[in-house]
Amino acid sequence: MEGFNESDDMAEPITYICGECGNDVALQSTAAVRCRNCGSRILYKKRSYRELKSLAELLYSASEDRIVEEYEKFEFFKLKLDSLLSTITRYRIQLNDSQDKTIFGPKTLKTVNSLVSDYDKLYEAYEDHLYNIYTPIQHLYNEYKRNKEVELEPEKVQFKSIVEETKLNLKQIDEVKQKIKEVPREVDFANIKNEDLPSNTLFDKIVDIYKSEPCKDLETILTDIGNEHPDEFLKIVENLSNLFNEISRKPDEVNLRLLRINNEKLQEDFLKYFSSAKILRFAGFRIAQTHEISDHLQKLNIKCDDEYFLYLNEPDMFTSYNKWKDWLNKISFVSEHLKTFLLNYKRLRRSDADLKTLVSSSLR
């Protein structure tokens, strides 16, 4: 569908953890730093050891023939571990202070304890195992690196005798292999978390959809919705079809393009079935906060605190006519295809075909 591009201003919010109540707080770069649940202004970035854990596992499981080549990754792992030390130290101090006074809420306290504990496990893996494997081969890696440079610029390097160099390398490799055999292998990486705290709220799930790779076709989106919400599938699509039909008929009415995520009626119609957000995203809706759309809210006489909306922005028809035309065409495209889908799906669903086949046939 040429011309149907996502809006360039679809900024993705960053999720923080409230230091007071422990709730997830999704903020965009221009938003006020404040928890929407308790009002606290103390927020922490969500941290994950996914990258470090994967790197440690790779280094730990490297074969004897590969450890020299992996040495550079060991240096990177050590650098990353060192860069986190000041943050972890600060957390330790705060955890000690929290015994005398309240610094963290219950959820945040659990998260911070987990971060410190998992860092200790990674550092233990480095100190007791990876250090003993990789530190002795630094000179081998330097030689390996030099040989790589030789391959690129042979005229700039004086070669040793091939026989002499081969003997030296074989001796060094044998020494390293022997050291590896002596290092106890008892690291349990399964105990180190590599995921952030699970997202449970409706808003979190909608944010996850916007963070994922956008889907480019309605067939896949409808199949996903049908698989994830089979009992309410028809209801969801009917309500979305009604919405897009209204927008295509009255594109200048902002109230149709401004969906408050906490609106109970919208949640009941389709929003609580979070996969419905995939169609909204496909059509160009983006996540917006109150302050970003305050002009529209004032015109509609809507008063609300800092909340989140799904907002479909209309390009200026006079200054960007082609962009506005593409925008309207996409809305019409979604509206017409959903109507066609519903007509055909109701007729075909009595067959024994699987959902994907039904969806594909209904869109024709």
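The name given to the protein chain in an unreviewed UniProt entry is Putative RPC10 subunit of RNA polymerases I, II, and III, with Theileria orientalis strain Shintoku as the source organism. Quoted verbatim from the Subcellular location (unreviewed entry) field of UniProt, the annotation for the protein chain is "Nucleus".

The N-to-C vectors of helix 7 (residues 218-228) and helix 8 (residues 233-249) enclose an angle of 140 degrees; their axes lie 9 Å apart at closest approach. Regarding the angle of helix 7 to helix 8, the classification is oblique. Mapping the contact onto sequence places Leu-222, Ile-225 and Gly-226 in helix 7 and Phe-233, Ile-236 and Val-237 in helix 8. The residue makeup of the contact of helix 7 with helix 8, split by class, is five nonpolar, one polar and no charged.

Using the criterion set out here, one finds 16 salt bridges in the structure. Across the pair Glu-228 and Lys-278 runs a salt bridge, and its minimum N-O distance is 3.5 Å. Taken together, the positions of Glu-228 in helix 7 and Lys-278 in helix 10 (residues 277-283) put the pair 50 residues apart, joining distant regions of the chain. With a relative accessible area of 38%, Glu-228 lands in the partly exposed category.

Before going further, it helps to spend a moment on the confidence of the model for the protein chain. Close reading of the predicted structure is inappropriate where its pLDDT is low. For the protein chain, the average pLDDT comes to 77, and 74% of its residues sit at 70 or higher. Here helix 5 (residues 162-182) stands out as the least confident element of the protein chain, with mean pLDDT 62; helix 8 is the most confident, with 92.

This next bit is on the pairing of strand 6 (residues 308-311). Where burial is concerned, the two faces of strand 6 agree: the one with Tyr-308 and Leu-310 and the one with Phe-309 and Tyr-311 are both buried. With three bridges connecting them, strand 4 (residues 258-260) and strand 6 associate as antiparallel partners. Following the sheet pairing, Leu-258 is matched in strand 6 by Tyr-311. Bridge count between strand 5 (residues 286-289) and strand 6: four bridges; the pairing is antiparallel. When the bridges of strand 6 are listed, Gln-289 appears paired with Tyr-308.

It is worth spelling out unusual backbone geometry at this point. Note on backbone geometry: most residues besides glycine have negative phi, and most peptide bonds are trans. For Asn-301, which is not glycine, the phi dihedral falls at a positive 60 degrees. Considering the arrangement of structural elements, one finds Asn-301 in the loop between helix 11 (294-299) and strand 6. The exposed category is assigned to Asn-301, whose relative accessible area is 62%.

Time to look at the side chain of Gln-289. Among the structural elements, Gln-289 can be located in strand 5. On the accessibility criterion, Gln-289 (0% relative accessible area) is buried. Side-chain polar atoms of Gln-289 contact the side chain of Tyr-308, separated by 3.3 Å. Contact partners of Gln-289, with chain neighbours within four places excluded, come to Leu-27, Gln-28, Ala-31, Asp-306, Glu-307 and Tyr-308.

So, about the nonpolar core. Core analysis: the biggest nonpolar cluster contains 56 residues, and Phe-244, Ile-279, Leu-280 and Leu-310 have the highest contact counts within it. Sorting elements by how many residues they give to this core places helix 12 (residues 321-348) first, with nine residues. With residues up to four places along the chain from it excluded, the contact list for Phe-244 reads Ile-279, Leu-280, Ala-283, Phe-285, Ile-331, Val-334, Ser-335 and Leu-338. In this structure, Phe-74, Leu-115, Leu-130 and Ile-133 belong to the second largest nonpolar core, which totals 28 residues.

Conventions adopted
- Residues numbered from 1 in each chain as written.
- Predicted model: local features only at pLDDT ≥ 70, side-chain atom pairs only at ≥ 80, totals over all residues.
- Heavy atoms only, no water.
- UniProt positions renumbered as here; feature names shortened; annotations may be inferred.
- Axes fitted to C-alpha atoms, helices over the stretch in contact; angles between N-to-C directions.
- Helix = DSSP H or I, 4+ residues; strand = E, 2+ residues; numbered from the N terminus.
- Parallel < 35°, antiparallel > 145°, perpendicular 65-115°, else oblique.
- Contact = heavy atoms within 4.5 Å.
- Nonpolar A, V, L, I, M, F, W, Y, C, P; charged D, E, K, R; others polar.
- Salt bridge = Lys/Arg side-chain N within 4 Å of Asp/Glu carboxyl O.
- Buried < 20%, exposed > 50% of the residue type's maximum accessible area, 1.4 Å probe, protein only.
- pLDDT = per-residue confidence, 0-100.
- Pairing = 2+ DSSP bridges.
- Polar contact = N/O pair within 3.5 Å; in protein donor to acceptor, adjacent residues only side chain to side chain.
- Core = buried A, V, L, I, M, F, W, Y, C linked by side-chain atoms within 4.5 Å.

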